[in-house]
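Structural characterization, general
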Amino acid sequence: QVQLVESGGGVVQPGRSLRLSCAASGFTFRIYGFHWVRQAPGKGLEWVAAISYNGRNKYYADSVKGRFTISRDNSKNTLYLQMNSLGTEDTAVYYCAKDRAIFGVVKTPFDYWGQGTLVTVSS
Amino acid sequence: DIQMTQSPSSLSASVGDRVTVTCQASQDISNYLNWYQQKSGKAPKLLIYDASELETGVPSRFSGSGSGTDFTFTISSLQPEDIATYYCQHYDNLPPTFGQGTRLEIK
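So, a few notes on the structure that sits alongside this text. (Residues numbered from 1 in each chain as written. Chains lettered and ligands numbered in written order. Predicted model: local features only at pLDDT ≥ 70, side-chain atom pairs only at ≥ 80, totals over all residues. Heavy atoms only, no water.)

**Some thoughts on the sheet that holds strand β4 (residues 33-38) of chain B**
Residues and elements named next belong to chain B. Reading across from one edge, β2-β10-β9-β4-β5-β6 is the order of the six strands in this open sheet, with mixed pairing throughout. On the outer flanks of this sheet lie β2 (10-13) and β6 (53-54), each paired with one strand and no other. Pairing between strand β9 (residues 84-90) and strand β10 (residues 102-106): three bridges, direction antiparallel. Following the sheet pairing, Ala84 is matched in β10 by Leu104. (Pairing = 2+ DSSP bridges. Helix = DSSP H or I, 4+ residues; strand = E, 2+ residues; numbered from the N terminus.)

Below is the structure:
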């Protein structure tokens, strides 16, 4: 069955960096686009970034553009989120989410989500 | 960016009640709308996609309707296990924005 397992979260000081990973299994990873979505404590869902199935196209929310980088390794069935210059406003649970349709990043819902990994930015 | 306005923000209902949540998009999104269920401490779960299509394995008491800018999510007969927060989300373009969420409680 489809599994998405995030890792890499933790407590980090403002201004530092962190890299999140999302290990996928149970489906053909390389033909699906992926997204990162975050949820600050007690708040709603915020889309963060997306990457196409082949990694050539990447998209970012304005709030993270220039600081975060999404990438993927199709040989390892793994999605990444490199987060630099972290601020307290980045404190959240970060989820990876899979596109429902193959080869798409837009006009397709997210059908599977990981369990999330908590990032806490605090001095 | 397309704004999604979801209402109400919270709702209290009794077991067996019919429950309705609405979501309005700031521009025409055709039928590119999802509804997710998020239980406390868990990841969101896709219930409805393409505004009205029921995801595989989701009970038939859940349904969705609408197109363009106005959408509705309905639980026909509320069950205790339906306690959760429900979110709409458009996916017409990027960013795929979410509604503010509706917290559903049992009376």
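**Side note on the packing of aromatic side chains**
Inspection of the entire model under this criterion finds 13 aromatic pairs over all chains. Between Tyr32(B) and Tyr91(B), the aromatic rings sit 5.7 Å apart at their centres with planes inclined by 70°, giving edge-to-face as the arrangement. Within this pair, whereas Tyr32(B) is found in the loop between β3 (19-25) and β4, its partner Tyr91(B) is found in the loop between β9 and β10, the two being separated by 59 residues in sequence. Sitting over the face of the ring of Phe29(A), Arg72(A) holds its NZ or CZ atom 4.4 Å from the ring centroid. Above the plane of the ring of Phe27(A) lies Lys98(A), whose end atom (NZ or CZ) is 5.5 Å from the centre. (Phe/Tyr/Trp six-rings, centres within 6.5 Å; stacked < 30°, edge-to-face > 60°. Lys NZ or Arg CZ within 6 Å of the ring centre and 35° of its normal.)

**Thoughts on the state of the cysteines**
Residues and elements named next belong to chain A. Counting across every chain of the model gives two disulfides over all chains. Cys22 shares a disulfide with Cys96; S-S distance 2.0 Å. Across the S-S bond of Cys22 and Cys96 the torsion is about 55°, and the bridge reads as right-handed. Note that Cys22 is positioned in strand β3 (residues 18-25) and Cys96 in strand β9 (residues 92-102), a separation of 74 residues in sequence. When sorted by exposure, Cys22 lands in the same class as Cys96, which is buried. (Disulfide = S-S within 2.5 Å. Buried < 20%, exposed > 50% of the residue type's maximum accessible area, 1.4 Å probe, protein only.)

**Here we look at the environment of Ser30(B)**
Residue and element names in this part refer to chain B. Residue position: Ser30 is located in the loop between β3 and β4. For Ser30, a relative accessible area of 35% gives the class partly exposed. There is a polar contact of 3.4 Å between the side chain of Ser30 and the side chain of Asn31. (Polar contact = N/O pair within 3.5 Å; in protein donor to acceptor, adjacent residues only side chain to side chain.)

**With respect to the nonpolar core**
Counting residues in hydrophobic clusters, the biggest one holds 45 residues, and the most contacted among them are Trp36(A), Leu79(A), Leu81(A), Met83(A), Tyr94(A), Trp113(A) and Phe98(B). Here this core gets six residues from one element, more than from any other, and that element is strand β5 (residues 45-51) of chain A. Once you skip the residues sitting within four places of it in the chain, Tyr94(A) turns out to touch Glu6(A), Leu20(A), Trp36(A), Val37(A), Arg38(A), Val48(A), Phe68(A), Leu81(A), Met83(A), Gly116(A), Thr117(A) and Val119(A). One finds Ala13(B), Ala51(B), Phe62(B) and Cys88(B) within the second-largest nonpolar core, a separate group that totals 23 residues. (Core = buried A, V, L, I, M, F, W, Y, C linked by side-chain atoms within 4.5 Å. Contact = heavy atoms within 4.5 Å.)

**Some thoughts on the pairing of strand β11 (residues 117-121) of chain A**
All names here are of chain A. Only one face of β11 is covered, namely the face carrying Thr117, Val119 and Val121; the face carrying Leu118 and Thr120 is uncovered. Relative to β11, strand β2 (residues 10-12) is paired through three bridges, and the arrangement is parallel. Looking at the pairing, Val11 lines up with Thr120 of β11. The pairing of β9 with β11 spans three bridges and is antiparallel. Its bridge partner lying in β11, Val93 is registered against Leu118.

**What about the interface of chain A and chain B?**
Taken together, the contact pairs 22 residues of chain A with 19 residues of chain B. Scanning the region where chain A abuts chain B turns up two salt bridges. Measuring nitrogen to oxygen at the nearest pair gives 2.6 Å for the salt bridge that ties Lys107(A) to Asp92(B). At the junction of chain A with chain B, the criterion picks out nine residue pairs in polar contact (both at pLDDT 80 or more). Contributions of two or more residues to the side of chain A that touches chain B are made by β4 (32-39), β5, β9 and β10 (110-113) of chain A. Ranked by residues supplied to the side of chain A that touches chain B, first place goes to β5(A) with four residues. When the residues that make up the side of chain A that touches chain B are grouped by side-chain class, the tally is eleven nonpolar, six polar and five charged. (Salt bridge = Lys/Arg side-chain N within 4 Å of Asp/Glu carboxyl O. Nonpolar A, V, L, I, M, F, W, Y, C, P; charged D, E, K, R; others polar.)

Read these as geometric descriptors, not functional statements.
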